[in-house]
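# Summary of the model geometry
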Amino acid sequence: MKTLSEHACFGGTQRFLSHDSRECVSEMRFAVYEPPQAKHGRVPVLYYLAGLTCTEETFMTKAGAQRTAAELGLMLVAPDTSPRVRLPGDDASWDFGVAAGFYVDATQAPWSAHYRMYSYVTRELPEVIAAAFPADRSRQGIFGHSMGGHGALVCALRNPDRYRSLSAFAPIAAPMQCPWGRKAFSGYLGADETTWLDYDASALVAQRPFHAPILVDQGTADKFLAEQLNPEVFADACRRSGQPFELRMHAGYDHGYYFIQTFMEEHLRWHARRLGAV
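Below, the structure is looked at part by part. (Residues numbered from 1 in each chain as written. Predicted model: local features only at pLDDT ≥ 70, side-chain atom pairs only at ≥ 80, totals over all residues. Heavy atoms only, no water.)

## As for the overall build of the protein chain
As a reminder of what qualifies: Note on conventions: DSSP H or I runs of at least 4 residues are helices, E runs of at least 2 residues are strands, and numbering of each starts at the N terminus. Only the C-alpha atoms count toward the radius of gyration. The rule for a globule is 2.2 Å times the residue count to the power 0.38. To sort residues, take the accessible area from a 1.4 Å probe on protein chains only and compare it with the maximum for the residue type: under 20% means buried, over 50% means exposed, and anything in between is partly exposed. Residue contacts are defined here by distance: any two heavy atoms, one from each residue, within 4.5 Å place the two residues in contact. Each accessible area is a Shrake-Rupley result for a 1.4 Å probe, and residues are judged covered by the shown protein chains and nothing else.
Regarding its fold elements, the protein chain presents nine helices and nine strands. Scaling as 2.2 N^0.38, a compact globule of 278 residues should have a C-alpha radius of gyration of about 19 Å, and the protein chain matches this with 17 Å. Judged by the C-alpha coordinates and their principal axes, the protein chain covers about 50 × 40 × 35 Å. Here the protein chain, with 278 residues, has 61% of them falling under the buried criterion. Here the contacts in the protein chain between residues at least 6 apart in sequence split such that 73% fall between residues at least 24 apart. When the accessible area of the protein chain is evaluated, it comes to approximately 10,700 Å², of which 50% is carbon and sulfur surface.

Below is the structure:
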């Protein structure tokens, strides 16, 4: 593991790092914010999955999360959004390939050799964090934005024993029913749509609810709301399965990080209560 940069921040430390990933068979980058409480013992860890075109830096530099995380004693971890190994056609469009891994384990060549973001996020990265940082793996939460909101929902719904808390900002909540999701799934997973069900949060929650409430914030001025995000589909699936779910619609807010900044503190406090943070 290599430290790329390190910065004092609200009494803790913000780090940007890289390591050789066994799942992605490439160098992967990630960011870690250690709160000041980490100097004295293990602390809860909250994973954030970013959206299309983003990197491991986006959340840490734009979300304004460190001040509240330092107060609450939350470690924040943000991985990159895809492997950076160059593959044919990986930069042909902004919503597939580089920075658009969609948090799936690809089954189609050439993507299957490296694009294993689901296993990277749920298995490998937590192992790396627990080995190198004072993170309490018994107190993990996960959240994300847009493509990362989709990833957070899927990771937690498929692994309820690994995550105590779950939330999202403007997630792609029913990817099998939107252009972004169908493009990504057909490219990474192939034509058999039955294999897509494992990565569709609305399909998953309809079959088995998460063990804790789910919080989603969504802006009404989000230009992607009607065609790509479909929070109402996820809400309906939650109602049918009995999943406790709070969808908060915010007038005038769009899809970007000004929206995320506005409600970040509320999400961090919401997670902290469920993770037993100080």
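The discussion continues.
## As for the layout of surface pockets
Convention followed: Only protein atoms enter the 1 Å grid used here, on which a cavity is any set of points holding a 1.4 Å probe that cannot leave and a pocket is any open set flanked by protein within 12 Å on both sides along at least five of seven lines; residues with an atom within 4 Å of a point are listed as lining. Grid points are joined across faces, edges and corners, and a volume is the space filled by probe spheres set on the points. Three categories are distinguished: nonpolar for Ala, Val, Leu, Ile, Met, Phe, Trp, Tyr, Cys and Pro, charged for Asp, Glu, Lys and Arg, and polar for the others, with Gly belonging to the last.
Reported here for the largest pocket is a volume of approximately 200 Å³. Lining the largest pocket are 14 residues, and of these Leu52, Thr53, Cys54, His145 and His255 lie nearest its centre. Tallied by class, residues from the lining of the largest pocket come to six nonpolar, seven polar and one charged.

## Here's the deal with the pairing of strand β1 (residues 2–9)
This is how it is decided: Paired strands, in this sense, are two strands between which DSSP finds at least two bridges.
Note that β1 and strand β2 (residues 12–21) share seven bridges and pair antiparallel. From the neighbouring strand, lysine 2 faces β2, where its bridge partner is serine 18. Linking two consecutive strands that pair antiparallel, namely β1 and β2, is a turn of two residues; a positive phi of about 50° is found at phenylalanine 10 within it.

## Quick notes on helix α9 (residues 257–275)
Put simply, the rule is: The bend at a residue is defined as the angle formed between two axes, one fitted to the seven residues ending at that residue and one fitted to the seven starting there.
The sharpest bend along α9 measures roughly 50° and falls at phenylalanine 263. Where α9 is concerned, the buried positions are Tyr257, Phe259, Ile260, Phe263, Met264, His267, Leu268, Trp270, His271, Ala272 and Leu275. Note on α9: the residue one or two positions beyond its end, glycine 276, has a positive phi of about 70°.

## Some points on the pattern of salt bridges
Put simply, the rule reads: Any carboxyl oxygen of Asp or Glu within 4 Å of a side-chain nitrogen of Lys or Arg constitutes a salt bridge here.
Using the criterion set out here, one finds 18 salt bridges in the structure. The salt bridge partner of glutamate 23 is arginine 116, with a shortest N-O separation of 2.9 Å. Here glutamate 23 is found in the loop between β2 and β3 (26–34), whereas its partner arginine 116 is found in the loop between β5 (75–79) and α3 (117–132), with 93 residues between them in sequence. You can call glutamate 23 buried: its relative accessible area is 10%. Taking the relative accessible area as the measure of exposure, arginine 116 reaches 23% and is therefore partly exposed. Across the salt bridge formed by arginine 86 and aspartate 91, the nearest N and O atoms sit 3.0 Å from each other. Owing to a relative accessible area of 55%, arginine 86 belongs among the exposed residues under this scheme. Look at the salt bridges and you will find they share partners, linking Glu23, Asp105, Arg116 and Arg123 into a network.

## Description of the environment of glutamine 66
If you trace the backbone, glutamine 66 turns up in helix α2 (residues 66–72). Those residues in contact with glutamine 66, other than ones at most four positions away along the chain, are Cys9, Phe10, Gln14, Tyr33 and Met60.

## Observations regarding the side chain of arginine 139
Looking at the secondary structure, you find arginine 139 in strand β6 (residues 135–145). Classification of arginine 139 by relative accessible area gives buried; the value is 16%.

## Side note on the nonpolar core
Using the following cut-off: Here, the term nonpolar core denotes a set of buried Ala, Val, Leu, Ile, Met, Phe, Trp, Tyr and Cys residues that are joined through side-chain atoms within 4.5 Å.
Ranked by internal contacts, the top residues of the largest apolar core, which has 96 residues, are Phe59, Phe102, Ile129, Ile142 and Tyr188. Among the elements that take part in this core, α9 stands out by supplying eight residues, more than any other.

## Let's talk about the sheet that holds strand β8 (residues 214–219)
What counts here: Lines fitted to the C-alpha atoms define the axes, with helices restricted to the stretch that makes contact. Angles between their N-to-C directions range from 0 to 180 degrees.
Spatial ordering of the open sheet is given by β1-β2-β3-β5-β4-β6-β7-β8-β9, a layout of nine strands whose pairing is mixed. The open sheet is flanked by β1 and β9 (245–250), the only strands paired with a single partner. Neighbour to neighbour, the strand axes of the sheet diverge by 20° on average, direction disregarded. Inspection of the sheet shows strand β4 (residues 43–49) paired to β6 by seven bridges, in the parallel sense. For leucine 49, the partnering residue across the bridge sits in β6 and is glycine 144. In the packing of helix α8 (residues 231–241) onto the sheet, the strands contacted are β8 and β9, and the crossing angle to β9 comes to about 155°. Of the strands in this sheet, β4, β5, β6, β7 (165–169), β8 and β9 are in contact with α9, which crosses β7 at around 175°.

Everything listed here is a matter of geometry and, on its own, says nothing about what the molecule does.
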